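# Close look at the chain arrangement
For reference, the chains in residue letters:
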Amino acid sequence: MAGGAKLLVVDDEPSLQDIVATSMRFLGYQVSVAATGREAVRLATDSHPDLIILDVMLPDFDGLEVMKRVRAAGVDAGVVFLSARDTPADKIAGLSAGGDDYVTKPFGLEELAARVAAVLRRTRTDPDSEGVLQVADLTLDPETYQVTRAGQPIELAPTEYKMLRHLMINANVVLSRQQLLDAVWGTDFYGDDSVVATYISYLRRKIDNPEHFDTPLIHTHRGFGYVLRGPRH
């Protein structure tokens, strides 16, 4: 999985930064490092890594702000947060902000490597053999990763894209939270399935925004899950 993947390791503890970067290079990843939020934003914007291993606590501003600025700059890298904060609220905050995984300190390097590989499997999917997916006026091109609705381009983060693609492939089929969790985050994901509802809300803001589109495409079946379908005539 490492083959050519670029990682950015962001941590202000020199010893931890060094051991994480060294272990990732040993696994075959291309690794750059940063010790501050500003340096992380600059490097991510310049090099567009495939994944960022991002400490939540940094000397200038926190990892959530780093991710916000990186996303605003058009960098759609996967993000694995590192943090000594291990409460459910902290984890949910990181994942709800758009992170792909959340690893608490102290952690084993083997565990971190497995988490990194799992996120890369989700966010570096090769273009698929199927053609352009279309449901009503929503289209997704797996070769270019472009998504449009009614001709308007829609920018999605990698995890949002993967969830939308799975919903479109299974259009008109109600998918449970667990099915979406397994398809998008993988069966080795350690988090809570509430992250599915969070990402559904992200997608709705983008593809079902009532200011731009008249008909919602993502529907909730309470007690069962979610379905993407076109308008019924």
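Reading the values: rules and limits
- Within each chain, residues carry numbers counting from 1 in the order of the written sequence.
- Only residues with pLDDT of at least 70 are given local features in this predicted model, and only at 80 or more are side-chain atom pairs given and counted; all residues enter the totals for whole chains, interfaces and linings.
- The side-chain quantities take in all heavy atoms of the structure and omit both hydrogens and water.
- Think of each axis as a best-fit line through the C-alpha atoms, taken over the contacting stretch in the case of a helix, with angles from 0 to 180 degrees between the N-to-C directions.
- In this description a helix means any DSSP run of H or I spanning at least four residues, a strand means any run of E spanning at least two, and both kinds are numbered starting from the N terminus.
- Every angle not falling under 35 degrees, over 145, or within 65 to 115 is termed oblique; those three ranges are roughly parallel, roughly antiparallel and roughly perpendicular.
- Residue contacts follow a heavy-atom distance rule, with two residues in contact if any of their heavy atoms lie within 4.5 Å.
- Gly is placed with the polar residues, together with every amino acid not listed as nonpolar (Ala, Val, Leu, Ile, Met, Phe, Trp, Tyr, Cys and Pro) or charged (Asp, Glu, Lys and Arg).
- Only protein chains enter the accessibility calculation, which uses a 1.4 Å probe. A residue is then buried if its area is under 20% of the maximum for its type, exposed if over 50%, and partly exposed in between.
- Identification of polar contacts relies on pairs of N or O atoms within 3.5 Å, with a donor-acceptor requirement for protein atoms, meaning one able to donate a hydrogen and the other able to accept it, and with residues adjacent in sequence counted only if both atoms are side-chain atoms.
- Take the residue count of a helix, subtract one, and multiply by 1.5 Å to get its expected span.
- Should DSSP find at least two bridges between two strands, the strands are regarded as paired.

### Some points on the packing of helix H6 (residues 158-169) against helix H8 (residues 194-207)
Contact geometry of H6 with H8 gives a least axis separation of 10 Å together with a crossing angle of 85°. On the basis of the axis angle, H6 is roughly perpendicular to H8. Facing H6, whose interface residues are Thr159, Glu160, Met163, Leu164 and Leu167, H8 presents Val196, Tyr199, Ile200, Tyr202, Leu203, Lys206 and Ile207. Considered class by class, the residues forming the contact of H6 with H8 number 9 nonpolar, 1 polar and 2 charged.

### Brief notes about the side chain of Thr139
Inspection of the secondary structure assignment puts Thr139 in strand E7 (residues 138-141). For Thr139, a relative accessible area of 18% puts it in the buried group. Here the side chain of Thr139 touches Thr148 through a polar contact of 2.5 Å, side chain to side chain. The residues touching Thr139, leaving out its near neighbours within four places in the chain, are Val132, Leu133, Gln134, Gln146, Val147, Thr148 and Met168.

### Focus: H6
For H6, which comprises 12 residues, the first-to-last C-alpha distance of 16 Å matches the rise-based estimate of 16 Å (1.5 Å per residue) to within 8%. Burial runs high along H6: 10 of the 12 residues are buried. Within the span of H6, buried status applies to Pro158, Thr159, Glu160, Tyr161, Lys162, Met163, Leu164, Arg165, Leu167 and Met168.

### Side note on the pairing of strand E11 (residues 225-228)
Bridging between strand E10 (residues 218-221) and E11 involves 4 bridges; their strand directions are antiparallel. Within the sheet, the bridge partner assigned to His221 lies in E11 and is Gly225.

Take it as geometry only, folks, not as evidence of what the structure does.
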